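Structural features, examined
Here are the chains, one letter per residue:
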Amino acid sequence: MTRFLSHAVLCFIPLALLCTPAHGQDLPAVTTTPPFQGFQLPTELGTMHYALNFGERVRTGYYGTGGNVWTTDFSGNLGYLSSSETRPLNIVYSGGYLYNTGGVASSIFQNLTISQSFNSRLWTTHISDAVNYLPEAASSGLSGLPGLGDVGVTAPPVGDNGGQDILSRTGQRISNQANLDVERHLTGSTSLQVGGGYFIERFLDGGSDSLDGDSFDVQAGINHRIDALNKVEGTYTFSRFSYENEDFTISTQKITVGYSRQVNRKLSLHATIGPQFVSEAGSPLASSSVNLSVDAGMVYTGEQYDYSANYTRGVRSGSGIVQGAFVDSVFGEGGRKLGEYMHLSVSGGYTHNASIGNLASGAPTTQQTDFQTVVGNVQFSRVLSRNFNAFLNYSVQHQDSPTVAASTNAFSGTSQTYGFGITYSPRPLHLGHK
């Protein structure tokens, strides 16, 4: 009871701080509108931004304990964008320590994304790599974990983004994704592009229920800018997925055409679509099929609010739960300023994973496994002073899994997370000149 009361008292501290200005009192140490609220990724060349976070969260339904699990988290974020216009370097880091109560093991998390570009009159080369060490499947913000105060902040993508992973039960895992793209400008409007990448995922304490996997892809395409507002493209991509200690592999080939349009200075649209040919090997029931690949979305950026929405359809590795999956995913996020010192951020999506499913525990099977996954996050933040920001957030994760998936490492049910905390985030540091 004493521990519960101490946590309850802590819950009301940030609420009191947030509600103080409601009676017309002045905010301490704030005389003008701050340029940001909490941690933001740098967009100006030659700048570095960092933040230190302290928070508390309570989570229900995820760990299988039958009760609430309280977590105290200490974390930090860093974003760096070099000053070079022709060779910009971008580094994004998020990491910290989660101290759990209620019989749940404490853990650390680490995320690091590094990207380097080389630009010249005729050539553009982009190299990127992302390493993630997490105690669960990513579902929220820069850290990937709900309740940590980073809703609305996401690292630049490395390779294709195919939607939300299948949620798995708690357990440390490490992944690494690298990508290389080279573009040759033929004219001022037309260019050729080739590239490729790989992805590896290892479950460190998931036991035999988790599937360690590897994948790689190569692609080639042509891009043409019709005018200042319209662009078209055509791309061919080959991918292969394989799994440790198994002969089963999945290969895909897709041919897509795409169109993007800058409607105005605030709104942009994009869409790519085409057939995806899927073939399997290493199983007596291996077969081939044709799938539809889609990637379509929109981005709106205004002065008071911004939002984006995206739909993807294609084949993914299976998130360590199944050997490959057909995926449909809808995801959106947005943010809105609430006066001078407050901000609201939301994100969420729905993903349907249908296993390709001709192998289960080393034995052939025709059973297809479906996973319906919904994630949602909302966060309210309030500036306390020039360098300090308080936040309250709520996250929900829900996943329906059939009975036949009980032997896998898949999460099933509904989990809710309530979090609050304080972020120390000073002004961006200017390093060097443009």
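That block above? That's the structure.
Here's what I pulled together on the structure shown here. Predicted model, so just to flag it, every value in this text is computed and none were measured.

What follows is about unusual backbone geometry. In this structure, N245 takes a positive phi of about 65 degrees despite not being glycine. Mapped onto the secondary structure, N245 falls in the loop between β9 (230–243) and β10 (249–262). A relative accessible area of 82% means that N245 is categorised as exposed. In this model, S319 sits at a positive phi of 60 degrees, which is unusual for a non-glycine residue. Along the polypeptide, S319 turns up in the loop between β13 (305–316) and β14 (325–338). Overall, the relative accessible area of 10% leaves S319 in the buried class.

Tallied over the full model, the rule gives five salt bridges. Between R59 and E136 there is a salt bridge, with the nearest N and O atoms lying 2.8 Å from each other. Residue R59 is located in strand β1 (residues 47–60), and its partner E136 is located in the loop between β5 (123–134) and β6 (173–185); the two are separated by 77 residues in the primary sequence. Accessibility classification places R59 together with E136 in one group, the buried group.

Our next topic: the environment of N68. The topology assignment puts N68 in the loop between β1 and β2 (69–81). A C-alpha to C-alpha distance of 9.0 Å links N68 and T101, two positions 33 residues apart in sequence. If we skip the residues at most four places from it in the chain, N68 touches V58, R59 and T60.

Rules of the game
- Residues numbered from 1 in each chain as written.
- Predicted model: local features only at pLDDT ≥ 70, side-chain atom pairs only at ≥ 80, totals over all residues.
- Heavy atoms only, no water.
- Helix = DSSP H or I, 4+ residues; strand = E, 2+ residues; numbered from the N terminus.
- Buried < 20%, exposed > 50% of the residue type's maximum accessible area, 1.4 Å probe, protein only.
- Salt bridge = Lys/Arg side-chain N within 4 Å of Asp/Glu carboxyl O.
- Contact = heavy atoms within 4.5 Å.

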